[in-house]
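# Report on the structure
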Amino acid sequence: MYFFNLLKIALKGVDMSTTNNYRWFVLGVGVIAQMTFAMGFAGIPVAGVLMREAYDFSLFELGVVLGAMGLGVALSEIIWGVLTDKLGDKTVLVIGLWLSAGAFSAISRFLTPDSGESIYYLALSGGLIASGAFGGSINSSSGRTVMSWFDDSERGFAMSIRQTAIPVGGAIGAGLVPWLAYSYGFDSAFLFLALASFIVGLFVLIFVDSKHKKISNAAKKSAVVKSPLKSFEIWKITIAAGLLTVPQMSVLTFGGLYLKDVFHIELSLISVILISVQIGGGAFRIWFGYYTDKNKNRIPVLKHISILGGLSAVVLCFVVDSYFYGIALFIITGLIGNAWHGVAYTEVAVQAGVERAGTALGMIGTTVFMSSFLSPIMISSVVDVSGWSTAWGIVGVLTLASLLFLQSPKNKSTTSTAPVEG
């Protein structure tokens, strides 16, 4: 630790946490951490076409494998959220990144077909569940960091930038992971993800300052804050977020197979399309975050996103074989499915207050990533039985169902709108 302190002084020169712009530096680190997780979370599904052949998985087995990281995150998110509120965002972020690096390293060493041995799909799923469970710490911990350094006039914008790291990191992973798997084998692809997680964790340890102690002291002096776990208003938004995740994950995990099986598109073009969807969705996240900060209308914006995303998927089910309309609506569904995250995450965190933001972000992460686990399994099962048209129709109906849970909060009196002063 003494070495790290010396390195920190040598590289920083001054205490950046005392400067006005340090919050943007912290946001940048949060973005990098989210990107690291997203490279694996989004990159592995894009490599699903290669994985099906390399591992000799059936469509159902591939669906389970591609949803495994989502299940891992869903099972651990609330736990990480509570730990973040208790131990601090920096501590949880470093631990999670390094444990995730360990899980990816184990997969690289023991659960790849490059040795010539057959890998059982449940074994690989178990490894990916572990990596997702550890990597899930990034969502609540980095989100609470952003909440503590930004006030409500900038939180939607800042949180949307942080959430944009997921599609941007996913775009990088969509290009890198399949390329590494194709060129050097899946062992190299998973080893790359392990190294990235370890290096970013080291960076966080050295350079990030936390406001956890200040937040804890402020919470002790104030009235008891209601736990988000007991808030029906917050649970409604988290359920809606889970339903809004369905189009995003359907496009991400099985979009490549849809484009290949129906339109016979080459893997390189599939990667370009999915990367474009990720980047475009990231741009929409930032814009919606900025827009809702200015207009204080997060719930109405989520309603409009739900309607647009649901209708695009429903229409897609009727033109599923049309080259132009099918691909266009597929892209629109993916873009809208990637656009809402910053708005929803900010809304639950603001309603919970800074003191309990970690728990609230863990709650929404649970529903989002449980949906990330179930969506690929649903798509693979429906496609096997009824085809792509029925699958996209179900995606549209589930997306529209989120409207049932999107209502403006009745009571905002407990909302914490200011960051803890340094």
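Keep in mind that this is a model prediction, so the values were computed, not measured.

### Some thoughts on the overall build of the chain
If you tally the helices and strands in the chain, you get 17 helices and zero strands. Of all 422 residues assigned to the chain, the portion counted as buried reaches 60%. Considering only intrachain contacts with a sequence separation of at least 6, the fraction spanning at least 24 residues in the chain is 86%. Carbon and sulfur atoms provide 67% of the accessible area of the chain, an area that totals close to 16,500 Å².

### Some remarks on the environment of Ser 322
Locating Ser 322 in the fold gives a position in the loop between helix H13 (298-318) and helix H14 (323-337). Spatially, the C-alpha atom of Ser 322 lies 8.8 Å from that of Phe 263, the residues being 59 residues apart in sequence. Ignoring sequence-local partners within four residues, the contact set of Ser 322 consists of Phe 263 and Ile 327.

### Details of the packing of aromatic side chains
Tallying each qualifying case throughout the model produces 27 aromatic pairs. Note on Trp 24 and Phe 150: the rings are 4.9 Å apart at their centroids and 75 degrees apart in plane angle, and the pair reads as edge-to-face. A residue pair is termed long-range when its members are at least 10 positions apart, and Trp 24 in helix H2 (residues 22-46) and Phe 150 in the loop between helix H7 (137-149) and helix H8 (152-184) qualify at 126 residues. Note on Phe 37 and Phe 41: the rings are 5.6 Å apart at their centroids and 20 degrees apart in plane angle, and the pair reads as stacked.

### A few points about empty space enclosed by the protein
Under the counting rule described, the total for this entry stands at six cavities of 30 Å³ or more. Approximately 80 Å³ is the volume attributed to the largest cavity. In this structure, the largest cavity is lined by Phe 41, Gln 163, Ile 166, Gln 248, Met 249, Arg 285, His 341, Tyr 345, Val 368, Phe 369 and Ser 372. For the lining of the largest cavity, the secondary-structure elements that each account for two or more residues are H8, helix H11 (232-263), helix H15 (341-352) and helix H16 (357-386).

### As for unusual backbone geometry
Here the phi dihedral of Asp 56 falls at roughly 60 degrees; this positive angle occurs in a residue that is not glycine. Within the secondary structure layout, Asp 56 lies in the loop between helix H3 (48-54) and helix H4 (59-87). Positive phi, close to 60 degrees, is recorded for His 264, a residue that is not glycine.

### Remarks on the pattern of salt bridges
Taken as a whole and assessed by the stated rule, the structure comprises four salt bridges. Glu 154 is paired through a salt bridge with Arg 23; the nearest N and O atoms lie 3.3 Å apart. Linking Glu 154 in helix H8 with Arg 23 in helix H2, this pair joins segments that are 131 residues apart in sequence. One network of salt bridges, with partners in common, ties together Asp 293, Arg 298 and Glu 347.

### A word on the confidence of the model for the chain
Chain-level pLDDT for the chain is 83 on average; 87% of the residues reach the 70-or-more range. Averaged pLDDT values over the elements of the chain bottom out at 44 in helix H1 (residues 2-12) and peak at 96 in helix H17 (residues 388-401). The low-confidence segment residues 6-18 (pLDDT under 50) makes 13 contacts with residues lying over four places distant or belonging to another chain.

### Describing H8
In a regular helix each residue adds 1.5 Å, so 33 residues correspond to 48 Å; H8 covers 46 Å between its end C-alpha atoms and thus fits that length. Bending of H8 peaks at approximately 30 degrees at the position of Gly 173. Of the residues trailing H8, Gly 185 is marked for its positive phi of about 105 degrees.

### Considerations on the packing of H4 against H11
Each pair of packed helices can be summarised by the angle the axes make with each other and by the distance between the axes. Direction vectors running N to C along H4 and H11 enclose 150 degrees, while the axes themselves pass 12 Å from each other. If you check the angle between H4 and H11, you find them roughly antiparallel. The hand of the H4/H11 crossing is right-handed. Taken together, the residues of H11 that come into contact with H4 (itself represented by Leu 59, Leu 62, Gly 63, Leu 66 and Ile 78) are Trp 235, Thr 253, Phe 254 and Leu 257. Considered class by class, the residues forming the contact of H4 with H11 number seven nonpolar, two polar and no charged.

### A few points about a nonpolar patch on the surface
Residues Trp 98, Leu 191, Leu 195, Phe 198 and Ile 199 make up a contiguous nonpolar surface patch of about 480 Å² in total accessible area. Counting residues per element, the nonpolar patch draws most heavily on helix H9 (residues 186-207), which supplies four residues. Looking at where Leu 195 falls in the secondary structure, it is placed in helix H9.

### Considering H7
Taking 1.5 Å per residue as the helical rise, H7 with its 13 residues ought to reach 18 Å, and the 19 Å between its terminal C-alpha atoms agrees with that figure. The element H7 is largely enclosed, with a buried count of 13 among its 13 residues.

### Examining the nonpolar core
In terms of nonpolar packing, the biggest core is built from 109 residues, with Met 51, Leu 124 and Trp 392 touching the most fellow members. With residues up to four places along the chain from it excluded, the contact list for Leu 124 reads Met 51, Tyr 55, Phe 57, Val 65, Ile 107, Leu 111 and Ile 119. Among the nonpolar cores identified, the runner-up in size contains ten residues, and Tyr 22, Phe 150, Ala 158 and Ala 165 belong to it.

Basis of the calculations
Residues numbered from 1 in each chain as written. Predicted model: local features only at pLDDT ≥ 70, side-chain atom pairs only at ≥ 80, totals over all residues. Heavy atoms only, no water. Helix = DSSP H or I, 4+ residues; strand = E, 2+ residues; numbered from the N terminus. Buried < 20%, exposed > 50% of the residue type's maximum accessible area, 1.4 Å probe, protein only. Contact = heavy atoms within 4.5 Å. Areas by Shrake-Rupley, 256 points an atom, 1.4 Å probe, with all protein chains shown as cover. Phe/Tyr/Trp six-rings, centres within 6.5 Å; stacked < 30°, edge-to-face > 60°. 1 Å grid on protein atoms, 1.4 Å probe; cavity = no way out; pocket = protein on both sides within 12 Å on 5 of 7 lines; lining within 4 Å. Points joined across faces, edges and corners; volume = space filled by probe spheres on them. Salt bridge = Lys/Arg side-chain N within 4 Å of Asp/Glu carboxyl O. pLDDT = per-residue confidence, 0-100. Expected span 1.5 Å × (residues − 1). Bend = angle between axes of the 7 residues up to and from the residue. Axes fitted to C-alpha atoms, helices over the stretch in contact; angles between N-to-C directions. Parallel < 35°, antiparallel > 145°, perpendicular 65-115°, else oblique. Left-handed = near helix turned anticlockwise from the far one by under 90°. Nonpolar A, V, L, I, M, F, W, Y, C, P; charged D, E, K, R; others polar. Patch = residues over 30% accessible without salt bridge, like charges linked within 9 Å, V, L, I, M, F, W, Y side chains within 5 Å. Core = buried A, V, L, I, M, F, W, Y, C linked by side-chain atoms within 4.5 Å.

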